[in-house]
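# Coordinates in review
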Amino acid sequence: MENQFRQYPLEEDILGALDALGYTQPTEIQAAVIPSILNGRDIIAKSKTGSGKTAAFAIPICNFADWEQNTAQALVLEPTRELAFQVKDELYAIGRFKRLKVPVLYGGFPMEKQILTLKQRTHIVVGTPGRVLDHCKRGTLDLSKVRYVVIDEADLMLDMGFIEDVRNILMHLEGKPVFMLFSATMGERLEALAAQFMHEPLEVKIENDTETADTIEQVGYFVDEDEKKLPLFLDILTMENPDNAMVFCGTREMVEVLYYRLRKEGIACGMLHGMIDQKVRTRTIEDFRAQGFRILIATDVAARGVDFQNITHVFNYDLPTNKEVYVHRIGRTGRAGETGRAVSLIREDEQKMLNSIESFTGVGLAILKPPALRMLKMLAVPF
Ligand code: AMP
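Described in the following lines is the structure provided in the data block. (Residues numbered from 1 in each chain as written. Predicted model: local features only at pLDDT ≥ 70, side-chain atom pairs only at ≥ 80, totals over all residues. Heavy atoms only, no water.)

## So, the side chain of Thr 299
- The residue Thr 299 is located in the loop between β11 (295-298) and α13 (300-303) in this model.
- Look at Thr 299 and you get buried, because its relative accessible area is 9%.
- In this view, Thr 299 contacts Phe 248, Cys 249, Thr 251, Arg 252, Val 255, Leu 272, His 273 and Gly 274; residues no more than four positions away in its chain are not counted. (Helix = DSSP H or I, 4+ residues; strand = E, 2+ residues; numbered from the N terminus. Buried < 20%, exposed > 50% of the residue type's maximum accessible area, 1.4 Å probe, protein only. Contact = heavy atoms within 4.5 Å.)

Structure (structure tokens):
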């Protein structure tokens, strides 16, 4: 059967790369946005990782890029280094027959080396906002020829405090590039950013974002205050005895507290949060993938976009404050027909959030009684 991407006016080099990647049919988000992007229309898209959203913008961008023009023709902004590299890989794979060069600019890496890379061939630049802005200010990145701009995971950029950097970068652009904004949610500040830079954007929403796989068993435990979570969680861990688990906490501090506490209990674990050195982060991710330890404790931001296989359990040590984040977190388990468990600790004053999650997913959590193993152990002392 002919590759369905042939319905779009794409170059042979791009169609060949899509064939090689095994992309024969556009995903929903791709079908919704590729024709508009090719026509130069701005877009705002709500679509999660896993929907094929990277290729949705990477295909038109690679199609547009001209190898002869040795300058940044497209700019993709990502909130984290991991996402930046994942997106670079996709752009690289789609642009491989055009031999497109895709430098990645991110903080914590020597400026001088990035400057040297930029002096070599450059077609599409991917980067985190702070570092991209640094290069703009130093005059080592010329954005005057940029014709496509992607602001990916915009809600996360906002949460991480990058939105002013994004705005400043956009101020360095010239002419009227095509703007694409991808975000799980749109609030006032993102609307304002869109209104400032975008022209009659097409708004696309991929609806099945609320779906949680029915291979995920969702359970919850109530606690009356945060302080009671730790002993309860240790009991739950003993009982669930997960093969591969991710534990999400609401703050960096909580990630640390939990990490050191589990280590004290002799439980092999790792942690990811925004203040951890890049090298250590990479090592932790690799080590977890290689099953060097079974429990990874993380904040949403630090774990966003990093893919792990075979997660058997997702623990919400802290319930997220956003229902979409809940769906995203638990979607890390129960993949490919395997069963998974999502276990949430819910403070009593979070009942409203729980209701909102349940009506969003259409699935109720089974509320379980605390196992109280520790209590039993204490009571089991012989007379
Ligand atoms: P993303 O949502 O961008 O993280 O993409 C999720 C996965 O889907 C990635 O591994 C892509 O390589 C893959 N993918 C993207 N588009 C297609 C397509 N049209 N057909 C098959 N796989 C795709």
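## Side note on the sheet that holds strand β1 (residues 43-46)
- The strand order across the open sheet built from seven strands is β3-β4-β2-β5-β6-β1-β7, with neighbouring strands paired in parallel fashion. Edge strands, defined here as strands with exactly one partner in the open sheet, are β3 (104-105) and β7 (202-205). (Pairing = 2+ DSSP bridges.)

## As for the packing of helix α14 (residues 323-330) against helix α15 (residues 351-361)
- Here α14 crosses α15 at 65 degrees, and the two axes come no closer than 9 Å. For the element pair α14 / α15, the angle class is roughly perpendicular. Our pair here, α14 against α15, has a crossing hand that is right-handed. Here Lys 323, Glu 324, Tyr 326 and Val 327 of α14 lie close against α15, whose contacting residues are Met 353, Ser 356, Ile 357, Phe 360 and Thr 361.
- Grouping the amino acids of the contact of α14 with α15 by side-chain chemistry returns five nonpolar, two polar and two charged. (Axes fitted to C-alpha atoms, helices over the stretch in contact; angles between N-to-C directions. Parallel < 35°, antiparallel > 145°, perpendicular 65-115°, else oblique. Left-handed = near helix turned anticlockwise from the far one by under 90°. Nonpolar A, V, L, I, M, F, W, Y, C, P; charged D, E, K, R; others polar.)

## Side note on the environment of Ile 94
- With respect to the element layout, Ile 94 can be found in helix α4 (residues 81-94).
- Judged by relative accessible area, which is 0%, Ile 94 ranks as buried.
- Setting aside its immediate chain neighbours within four residues, Ile 94 contacts Ile 14, Ala 17, Leu 18, Leu 21, Ala 55, Ala 58, Ile 59 and Cys 62.

## Focus on the site of the ligand
- With respect to spatial proximity, twelve residues lie near the ligand, and among them Tyr 23, Gln 30, Gly 50, Gly 52 and Thr 54 are the closest.
- Backbone polar atom of Gln 25 to a nitrogen atom of the ligand: 2.9 Å apart, as the coordinates give it.
- Contact between the ligand and Thr 54: an oxygen atom at 2.5 Å from a side-chain N or O atom of the residue.
- Relative to its free-state accessible area of 500 Å², the ligand is covered by the protein chains to the extent of 69%. (Near = heavy atom within 4 Å. Polar contact = N/O pair within 3.5 Å; in protein donor to acceptor, adjacent residues only side chain to side chain. Areas by Shrake-Rupley, 256 points an atom, 1.4 Å probe, with all protein chains shown as cover.)

## Looking at the packing of aromatic side chains
- Under the definition given, this model contains eleven aromatic pairs.
- Judged by centre distance (5.4 Å) and plane angle (70 degrees), the ring pair of Phe 85 and Tyr 106 falls under edge-to-face. A residue pair is termed long-range when its members are at least 10 positions apart, and Phe 85 in helix α4 and Tyr 106 in the loop between β3 and α5 (111-119) qualify at 21 residues.
- Each ring, one from Phe 288 and one from Phe 293, has its centre 5.2 Å from the other, and the planes form 25 degrees; the classification is stacked. A single burial state applies to Phe 288 and to Phe 293, both of which are buried.
- Aromatic rings pair up to connect Phe 85, Tyr 106 and Phe 109 into one cluster.
- Here the basic side chain of Arg 81 rests over the ring of Tyr 106, its NZ or CZ set 5.1 Å away from the ring centre.
- We note Lys 323 situated over the ring of Phe 360; from NZ or CZ to the ring centre the distance is 5.2 Å. (Phe/Tyr/Trp six-rings, centres within 6.5 Å; stacked < 30°, edge-to-face > 60°. Lys NZ or Arg CZ within 6 Å of the ring centre and 35° of its normal.)

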